[in-house]
Amino acid sequence: MKYSNYYPLRTLLFTLLFFNSIITFSQTSTPLVKVGIEVLRDQNFKALEGKRVGLVTNPTGIDHDFVSTVDILFQAKNVNLTALYGPEHGVRGDTDAGAHVDSNTDAVTGLPVYSLYGKTRKPTAAMLQNVDVIVYDIQDIGVRSYTFISTLGLVMEAAAENNKEVIVLDRPNPLGGNKIEGNIVEPGYFSFVSQFPIPYIYGLTVGELAYMMNYEGWLKNKTQCKLNVIPMKGWKREMRFQDTGRHWVPTSPHIPFPEVAELYPASGIIGELEGNFIGIGYTLPFTLFGAEYINTAQFAQHLNALNLEGVYFRGLSFTPYYKEKKGIKLHGVQVYVTDYDKVRLSEIQFHVLAVHHQLHPAKDLFNAHQNRWGMFDKVCGSNKIREGFMASYTFDGIKNYWRKDEAAFKKKAAVYLMYR
């Protein structure tokens, strides 16, 4: 057959395959994991009957068909939804990272929206006056510095102080339920990015963590709220988010995909020193390390020579679209997880800092950003990590300290595990 005769057939075949892939992608299949809002709906919202309901959520609070928990509860005939509460980024996700969320009225339901990420981060008695139970439904990413769990803790404190019930609609931990990495937060370093004495990667679902917060005496004045967790069905601790059969909704503007959620703890601490260095401002946030003076091949070679388990570094160049180094070409590495079970995610960035200092001692990120030390220490939960690292500029200088609390925390957390 001549090429000219074959071409239309080939084009037709490719067209059919293309549209078949679109149809296949668009088909709704039953997810492997059923999340709390879906379980609650299957129970005909029995836990909410006869109660005035307040809801803390954001765009990640959806069912498998992308219907918001706001709308599910608002439309349920036997649910009286009376108030909404907006964490960082807002109920409908219309606020940038770090920006204050304003109280307003929800355009869809007409319900009042109270801000929990502005001047007020803990619900006041006035905000809770018209509710009996506060429902929490937010997809988290399993890292201590992510602010949604801090919001949950403050909601639980307010509920305890105002005699309100809290119901947590559980969702998967995208890092799985087995990874525990990092030291416990120390006195003097508790903050909105390290509000509880847990490791940097804590290996619990938000429902499991809520139980631990409540019954370990971590809430203010060791108070306890009336707490109920609606568990998932089908989730197992070894699952990555990709294993759940569920759709990923960005948990914040810089976490567009679950693969990025997995690398957030691998780079986010360095990001407290310089955002562009970890890809913030480019299309691959939290997955890169780079600066204008780095030799990509050399940087990648030195990092890969460490033979770190489960990770590979590929040299690349990129140009940020925003932040301080907007429009400046940067060079460095992209991070690839090659064995998720073996990789120590949070430690990747310390090895990167060590190699960076070895190759470019005059470009030390700590000395260049001394005004950021306070925030760096808060995210680490201690000043010992920064000071220990700067004493030797090697991960070995902090390895024992970074890992010292992991076994004890795993043992303490075991009693709160809801899934195997």
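Everything below is about the structure shown above.
Let me begin by describing the structure that accompanies this report.

The rules behind each value
Residues numbered from 1 in each chain as written. Predicted model: local features only at pLDDT ≥ 70, side-chain atom pairs only at ≥ 80, totals over all residues. Heavy atoms only, no water. Core = buried A, V, L, I, M, F, W, Y, C linked by side-chain atoms within 4.5 Å. Buried < 20%, exposed > 50% of the residue type's maximum accessible area, 1.4 Å probe, protein only. Contact = heavy atoms within 4.5 Å. Axes fitted to C-alpha atoms, helices over the stretch in contact; angles between N-to-C directions. Helix = DSSP H or I, 4+ residues; strand = E, 2+ residues; numbered from the N terminus. Parallel < 35°, antiparallel > 145°, perpendicular 65-115°, else oblique. Left-handed = near helix turned anticlockwise from the far one by under 90°. Salt bridge = Lys/Arg side-chain N within 4 Å of Asp/Glu carboxyl O. Phe/Tyr/Trp six-rings, centres within 6.5 Å; stacked < 30°, edge-to-face > 60°. Lys NZ or Arg CZ within 6 Å of the ring centre and 35° of its normal.

Description of the nonpolar core
Part 1: Counting residues in each nonpolar core, the largest one holds 91 residues, and the members touching the most others are Phe289, Phe350 and Phe409.
Part 2: Apart from the residues within four sequence positions on either side, Phe409 is in contact with Ile180, Ile184, Pro197, Ile198, Pro199, Tyr202, Leu204, Met212 and Trp218.
Part 3: In terms of nonpolar packing, the next biggest core, distinct from the first, is built from 24 residues, Val35, Ile72, Leu111 and Ile230 among them.

Here we look at the packing of helix α7 (residues 296-304) against helix α8 (residues 348-359)
Packed helix pairs are specified by the crossing angle of their axes together with the interaxial distance, meaning the distance between the axes.
Part 1: Direction vectors running N to C along α7 and α8 enclose 125°, while the axes themselves pass 10 Å from each other. Taken together, the axis directions place α7 and α8 in an arrangement best described as oblique. For the crossing formed where α7 meets α8, the hand is right-handed. Within the contact between the two elements, α7 uses Gln298, Phe299, His302 and Leu303 and α8 uses His351, Val352, Val355, His356, Gln358 and Leu359.

Describing the pattern of salt bridges
When the charged atoms of two side chains lie near each other, side chains of opposite charge can form a pair.
Part 1: This structure, assessed with the given rule, holds 20 salt bridges.
Part 2: A salt bridge links Glu272 to Arg372; its shortest N-O distance comes to 3.0 Å. Of this pair, Glu272 sits in the loop between α6 (258-271) and β8 (288-291) while Arg372 sits in the loop between α9 (365-368) and α10 (373-380); the two residues are 100 residues apart in sequence, bridging distant segments of the chain.
Part 3: Judged by its relative accessible area of 17%, Glu272 falls in the buried class.
Part 4: For Arg372, a relative accessible area of 30% gives the class partly exposed.
Part 5: Ionic pairing is found between Glu274 and Lys325, a salt bridge with its closest N-O pair at 3.0 Å. Residue Glu274 is found in the loop between α6 and β8, and its partner Lys325 is found in the loop between β9 (311-318) and β10 (330-337); the two are separated by 51 residues along the sequence. Side by side, Glu274 and Lys325 carry an identical accessibility label, which is buried.
Part 6: Connected via shared salt-bridge partners are Arg344, Glu347, Arg403 and Glu406.

A closer look at the packing of aromatic side chains
Part 1: Per the counting criterion, the structure on display carries 20 aromatic pairs.
Part 2: Taken together, a centroid distance of 6.1 Å and an interplanar angle of 55° make the contact between Tyr200 and Trp402 tilted. Of the two residues, Tyr200 is situated in the loop between β6 (165-169) and α5 (206-215) and Trp402 in helix α12 (residues 399-403); the sequence distance between them amounts to 202 residues. In terms of burial, Tyr200 and Trp402 fall into one category: buried.
Part 3: Between Phe366 and Phe376, the ring centres sit 5.2 Å apart and the planes meet at 80°, which makes this aromatic pair edge-to-face. With Phe366 in helix α9 and Phe376 in helix α10, this residue pair connects regions lying 10 residues apart in the sequence. For the pair shown, Phe366 and Phe376 are each scored as buried.
Part 4: Taken together, the ring pairs in this structure connect Tyr200, Phe350, Phe366, Phe376, Phe389, Tyr393, Phe395 and Trp402 into an aromatic cluster.
Part 5: Between the NZ or CZ atom of Arg121 and the centre of the ring of Phe192, over which it lies, the distance is 4.4 Å.
Part 6: Its end group placed over the ring of Tyr401, Lys404 keeps NZ or CZ at 4.7 Å from the ring centre.

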